[in-house]
Amino acid sequence: NVLVGTVRSALGWVPAQWLPGGTPDPLIGRRGEVGRQAARLDGDAKVQGQARFAAEVPLDNLCYAALVHSTITRGRITRLDTARAEAADGVLLVVSHHNMPRVSGPSLIAITDPTAVGNSSLPILQDDQVHYNGQVVAAVVAETQEQADHAASLIAIDYAAEPAETRFEEAKSGARIIPSLLIERNHLSLGKAERELARAAHAVDNVYRTPWQNHNAIELHALTVAWEGEKLTVHDTTQMIASEAATLAKLFGLKREDVRVLSPFVGGGFGGKGFWDHQVVAVAAARMVGRPLRLQLSRESVYRIVGGRSATEQRVAIGADQEGRFTALIHNGYSVMPPYGACPEAYTLGTRSAYRAKSFEILQRHIDMAVVPNTFMRAPGEAIGTFALESAVDELAHELAIDPIELRLRNLPDKHPITGAPFSQHAPAKSWADGAARFGWDRRSATPGARREGEWRIGMGCGSGSFPYIRMPGAAVRLTIRRDGGATLACSAQEMGMGTSTVLAQQVADRLGIPLDAVVIETGDSDLPPAPMAGGSGQSVSIAGALLAASEKLPGELLPLAGNDSPLAGLRPGEIRLGQEGMASAADPSRHESFRSILTRANLDEVSVTATGTPPLEMMKFAMHSTAAMFCELRVSDVTGEIRVDRLLGSFDCGTILNPRTAASQFRGGMIMGLGLALTEETLLDERSGRIMNPTLADYHIPAHLDVPDIEVMWTGIPDPRSPLGARGIGEIGITGVAAAVANAVFNATGKRVRDLPITLDKLL
Ligand code: MOS
């Protein structure tokens, strides 16, 4: 979603004949390592405690930093007294706007500019201005973390506070419509939807609310910084290695090749591990103190300076004829995006491709509040947008007395409902049929409150999920063929535990016809060819496209080395097929020579090719969307209102599944996050002060083991003929549709329709 709009506007409309390879990827449908349950390459190191994270890198003479946060929302610092902090044991430096070097704020995230990575464009410790409650106003560097933390508490600050907008309801009056920003257009009309709604035989028209949410990766944001003259090395935990290196070079006036960002492992990302104030503060402070420095944010600091999901208010209205066919589909509302933020929280994106309707009216309004800028959080937009849309579909099904799955099937589109583009591959009906059969949907009673066991009322619900296919431009890899018969694939990919390096190894094995254990994957280093950011569920397919390009380039490198004594002599690169640990004539497979043999004869240890994936033109021509059918069974206590989720099932249509083991884990992880969205997660913003009141995992509730039921996942596995390997991304779709399935099950159990998340027990009593 983030990319489609940018790429489309950058390239304009592209004629069909320009599309990459009218022929699909030859690996689609081939049996090999891809599709097998390979164990994660990073698994052993992690369970043995060998994987080294950013805050664990041992450096000599290391010092430690802690942040100080504003306690007011907007205004000016009138006094910042550091004397007591500077006199405290072990303190080496206090950084504030008084002594911070002049550094411009980073440019806001833009996919077309790799040096634009900022989640906030505000200046960092450059002046006395405060823009939101929790903003960094100082940092302390000391010999130990404890000394830094203590000294940070000794800094005395006076403020001149100014009025600030901190109330969602009041800020709505200043809402603005941004024509297009990172995403597709914010306002789309097709036909006269309000008029169709008014004269529809059946209609629902309601407002849904979703709360502020914060990122809670297990691993805190952290970096270990080392300067060596004008060379900078940063061990960070980041979803954007290559662009962070480019940004740091730009901000600190360094040559790009003198900046190295290392991030071999990321302990959870979900969109929050991007570029925030702390990287700039740590890099500047390390230079000032002249020593290697570590800044690991406290959990509270993560809440204060790393944004999460914006609160939203969404109206969904659906008009339908007697048979339940949609005549009007209206989705509009409000989310927050301060002018210094980059994330438009595009909750209507999923609605645009989900259903056919005679008319559409889609509008996103953005409001400005004095808060830490929100950012991308697993399926930004779709996670919360599908809650509103899929609750509304359930409400309409109830009104029409039609089974909610049947109502969805009657309105499935056979092409993109708004653009008219053909789907590249699209089998939601199969997901619904397979999921319903497996879940036992036929045991559901259509009458709310009909099933009861003692104090528990039992209900079933369902909802659709969706996420677009995104292949990012500019992804590059270096593929090295070694004389020992193995191969190495290198790029600056981010391994956040989702299986990126594992599925890449599987692909290299299949592309070259070599054993999986002969493949080495190198990632996590900005000195390697640039991978795209790990985001938009697009990392794996983007790199898969680059690997496809590299393997197409390989014969041209190897043929001249093979020479006239090779069985391949006289063949042109276009006549070669890779496989069986070497290359062969496509026309006559008996003319084959192994990589080992070619390199031995040429007396070379290895040969490398570096290649960039083709521009993702397939996204221009085709509607490329994954879908999911989510099912939930739960019980609600009549006595306490407590909800216990008994079963969840996700039935996915996401193209080829590269590795069933890592994919199932991704889907389940997303669905657990969906449970949090449905039932527990909520950042409490004190609207009087603009301050987050629950910046701790004790008060911000994420689902714990006892909250998580058996989760079943299944998929169609039908390849997408337009993508590398037939795959579409799967990192985010798991969270989508879950909150609606839960809310709809609560309605089925109790007859109560809860339209604001999370569904806490007070809303059911
Ligand atoms: Mo994701 S929200 O693109 O990490």
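Fair warning: this is a prediction, and the values are worked out from it, not measured in the lab.

Chemist: Which parts of the structure should I look at to understand the overall build of the protein chain?
Modeler: Along the backbone of the protein chain there are 19 helices and 29 strands. For the protein chain, the C-alpha radius of gyration of 27 Å lies close to 27 Å, the compact-globule estimate for 765 residues. Put simply, the protein chain has 765 residues, and 56% of those count as buried. Within the protein chain, contacts between residues at least 6 apart in sequence are counted, and of these 82% link residues at least 24 apart.

Chemist: Sorry, what's going on with unusual backbone geometry here?
Modeler: Trans is the common state for peptide bonds, and a negative phi is the common state for residues other than glycine. Cis rather than trans, the peptide bond between Leu-757 and Pro-758 has omega equal to -5°. Looking at the element boundaries, Pro-758 is found in the segment after helix H19 (738-750). One non-glycine residue, Ala-401, lies in the positive phi region at around 55°. Along the chain, the position of Ala-401 falls in the loop between helix H11 (382-400) and helix H12 (404-410).

Chemist: Mind showing me how you'd approach helix H13 (residues 428-439) here?
Modeler: For an α-helix, the turn length of 3.6 residues means that residues three or four places apart are oriented alike. With 12 residues, H13 should reach 16 Å at 1.5 Å per residue; the first-to-last C-alpha distance of 16 Å fits that figure. Those residues of H13 lying buried are Pro-428, Ser-431, Trp-432, Gly-435 and Phe-439. What you see down the axis of H13 is that its buried residues fit within an arc of 95°, all on one side. Here the buried face of H13 lies against H12, strand S25 (625-637), strand S26 (643-653) and strand S29 (710-715).

Chemist: What is the right way to read the confidence of the model for the protein chain from this model?
Modeler: One rule of thumb: low pLDDT means the predicted coordinates there are not for detailed reading. On average, the protein chain scores 95 in pLDDT, and the residues at 70 or more come to 96%. Counted against residues more than four places away or in other chains, residues 1-21, with its pLDDT under 50, gives 43 contacts. On the interface metric, ipTM, the complex scores 0.97, and its pTM is 0.96.

Chemist: Help me understand the domain arrangement of the protein chain in this model?
Modeler: By a widespread convention, an interface's size corresponds to the accessible area lost as its parts come together. Along its sequence, the protein chain is carved into domain 1 (54-163 + 218-268 + 273-305), domain 2 (173-213 + 309-470 + 620-764) and domain 3 (472-615). Put simply, the middle of domain 2 and the middle of domain 3, counted by C-alpha atoms, are 39 Å apart. Counting from both sides, the interface comprises 16 residues of domain 2 and, opposite them, 16 residues of domain 3. Among the residues making up the side of domain 2 that touches domain 3, the classes are represented as 8 nonpolar, 6 polar and 2 charged.

Chemist: Whenever I open this one, the packing of helix H14 (residues 500-512) against helix H15 (residues 539-562) confuses me. Can you help?
Modeler: Relative placement of two packed helices is described by the angle separating their axes and the distance separating the axes. Packing of H14 against H15 leaves a shortest axis separation of 11 Å and a crossing angle of 25°. Classified by the angle between their axes, H14 and H15 sit roughly parallel to one another. Both H14 and H15 take part in a crossing whose hand is right-handed. Contacts from Thr-500, Val-503, Leu-504, Gln-507, Val-508 and Arg-511 of H14 reach H15 at Gln-539, Ser-540, Ile-543, Ala-544, Leu-547 and Ser-551. Of the residues that constitute the contact of H14 with H15, the class distribution is 6 nonpolar, 5 polar and 1 charged.

Chemist: Looking at this structure, how should I read the sheet that holds S26?
Modeler: Think of a sheet as strands paired side by side through backbone hydrogen bonds, with each pair either parallel or antiparallel. Ordered by their spatial adjacency, 5 strands build an open sheet running S16-S17-S25-S26-S29, and the pairing between neighbours is mixed. With partners counted over all chains shown, the strands left at the sheet margins are strand S16 (451-453) and S29, one partner each. Strand-to-strand twist of the sheet, defined as the mean angle between neighbouring strand axes without regard to direction, takes the value 25°. With 3 bridges joining them, S16 and strand S17 (residues 456-468) adopt antiparallel strand pairing. Residue pairing across strands places Arg-452 opposite Arg-457, the latter belonging to S17.

Chemist: What's the story with the pairing of strand S10 (residues 231-236) in this structure? I'm lost.
Modeler: Both strand S9 (residues 222-228) and S10 contribute to a ladder of 6 bridges, which runs antiparallel. Among the inter-strand pairings, Glu-228 is bridged to a residue of S10, identified as Lys-231. The turn joining S9 and S10, which pair antiparallel and follow one another in sequence, is formed by 2 residues; a positive phi near 60° is taken by Gly-229. When S10 meets strand S11 (residues 259-262), the two strands line up parallel, connected through 4 bridges.

Chemist: Please explain the nonpolar core as it appears in this structure.
Modeler: Nonpolar side chains tend toward joint burial in soluble globular proteins. Core analysis: the largest hydrophobic core is formed by 231 residues, its most contacted members being Ala-139, Val-140 and Val-742. Looking at which element gives the most residues to this core, the answer is H15, with 12 residues. Setting aside residues no more than four positions away along its own chain, Ala-139 makes contact with Ala-65, Ala-66, Leu-67, Val-68, Val-95, Val-281 and Ala-285.

Chemist: Which parts of the structure should I look at to understand the packing of helix H18 (residues 660-680) against H19?
Modeler: Packing of H18 against H19 brings their axes to within 8 Å, and their N-to-C directions diverge by 50°. Here H19 runs oblique to H18, going by the angle between their axes. Classified by chirality, the crossing of H19 by H18 is right-handed. The segment H18 lies against H19, with Met-671, Gly-674, Leu-675, Leu-677, Ala-678 and Leu-679 engaging Val-738, Ala-739, Val-742 and Ala-743. Residue composition of the contact of H18 with H19, grouped by class: 9 nonpolar, 1 polar and no charged.

Chemist: Would you explain helix H7 (residues 241-251) in this entry?
Modeler: The buried fraction of H7 is high, at 9 of 11 residues. Burial in H7 covers these residues: Ile-241, Ala-242, Ser-243, Glu-244, Ala-245, Ala-246, Thr-247, Leu-248 and Leu-251. Contacts made by the buried residues of H7 are with S10, S11 and helix H8 (277-289).

Chemist: Would you take a moment to explain the environment of Leu-251 for this structure?
Modeler: Looking at where Leu-251 falls in the secondary structure, it is placed in helix H7. The sequence separation of Leu-251 and Ser-104 amounts to 147 residues, and the corresponding C-alpha distance is 6.3 Å. Ignoring any residue separated from it by four or fewer positions in sequence, one finds Leu-251 in contact with Val-103, Ser-104, Pro-106 and Val-280.

Chemist: Explain the sheet that holds strand S13 (residues 312-320) to me, please; I cannot follow it from the model alone.
Modeler: With respect to topology, 5 strands assemble into an open sheet ordered S7-S15-S14-S13-S8, the strand pairing being mixed. Whereas interior strands pair on both sides, the edge strands pair on one side only; in this sheet they are strand S7 (187-190) and strand S8 (202-210). Going from strand to strand, the sheet's axes swing by 10° on average, the running direction of each strand aside. Direction of pairing for S8 relative to S13: antiparallel, over a ladder of 9 bridges. The partner of Ala-203 across the bridge, within S13, is Gly-319.

Chemist: How do you make sense of the pairing of strand S2 (residues 75-81) when you look at a structure like this?
Modeler: Successive side chains on a regular strand alternate, one facing one side of the sheet and the next facing the other. By the bridge criterion, 2 bridges tie S2 to strand S4 (residues 129-130) in an arrangement that is antiparallel. If you follow Arg-76 over to S4, its bridge partner there is Gln-129. Bridge count for S2 against strand S6 (residues 156-161) is 6 bridges, and the pairing is antiparallel. By the bridge assignment for S6, Ile-77 is matched with Tyr-159.

Each value, and the rule that gives it
All residue numbers refer to positions counted from 1 along the written sequence of the respective chain. Under the rules for a predicted model, residues below a pLDDT of 70 receive no local features and side-chain atom pairs below 80 are neither given nor counted, while totals for whole chains, interfaces and linings still include all residues. Only DSSP runs of H or I reaching four residues or more are called helices, and only runs of E reaching two or more are called strands; each is numbered from the N terminus. Both definitions apply: the radius of gyration is a C-alpha atom measure, and the globule rule equals 2.2 Å times residues to the power 0.38. Here exposure depends only on C-beta density: within 10 Å of a residue's C-beta, 20 or more other C-beta atoms make it buried, 12 or fewer make it exposed, and intermediate numbers make it partly exposed, the C-beta atoms being placed from the backbone. We call two residues in contact when the distance between their C-beta atoms, placed using the backbone, is within 7 Å. Here the expected length of a helix is defined as 1.5 Å per residue gap, with one fewer gap than residues. By construction, the arc corresponds to the directions joining the helix axis to the C-beta atoms. Scored from 0 to 100, pLDDT records how confident the predictor is in each individual residue. Boundaries of every domain are those given by an automatic assignment or by a domain database. All residues other than Ala, Val, Leu, Ile, Met, Phe, Trp, Tyr, Cys, Pro, Asp, Glu, Lys and Arg, Gly among them, are scored as polar; the first ten of these are nonpolar and the last four charged. In this description, a line fitted to the C-alpha atoms serves as the axis of each element, helices being fitted only across the stretch in contact, and the angle between N-to-C directions of two axes falls anywhere from 0 to 180 degrees. Geometric relationships in this document are graded by angle, where less than 35 degrees denotes roughly parallel, more than 145 denotes roughly antiparallel, 65 to 115 denotes roughly perpendicular, and other angles denote oblique. Note: crossing handedness is left-handed where the near helix turns anticlockwise from the far helix by less than a right angle, and right-handed where it turns clockwise. DSSP bridges decide pairing: two strands pair if at least two such bridges lie between them. Nonpolar core, as used here: buried Ala, Val, Leu, Ile, Met, Phe, Trp, Tyr and Cys residues forming one set through C-beta atoms within 7 Å.

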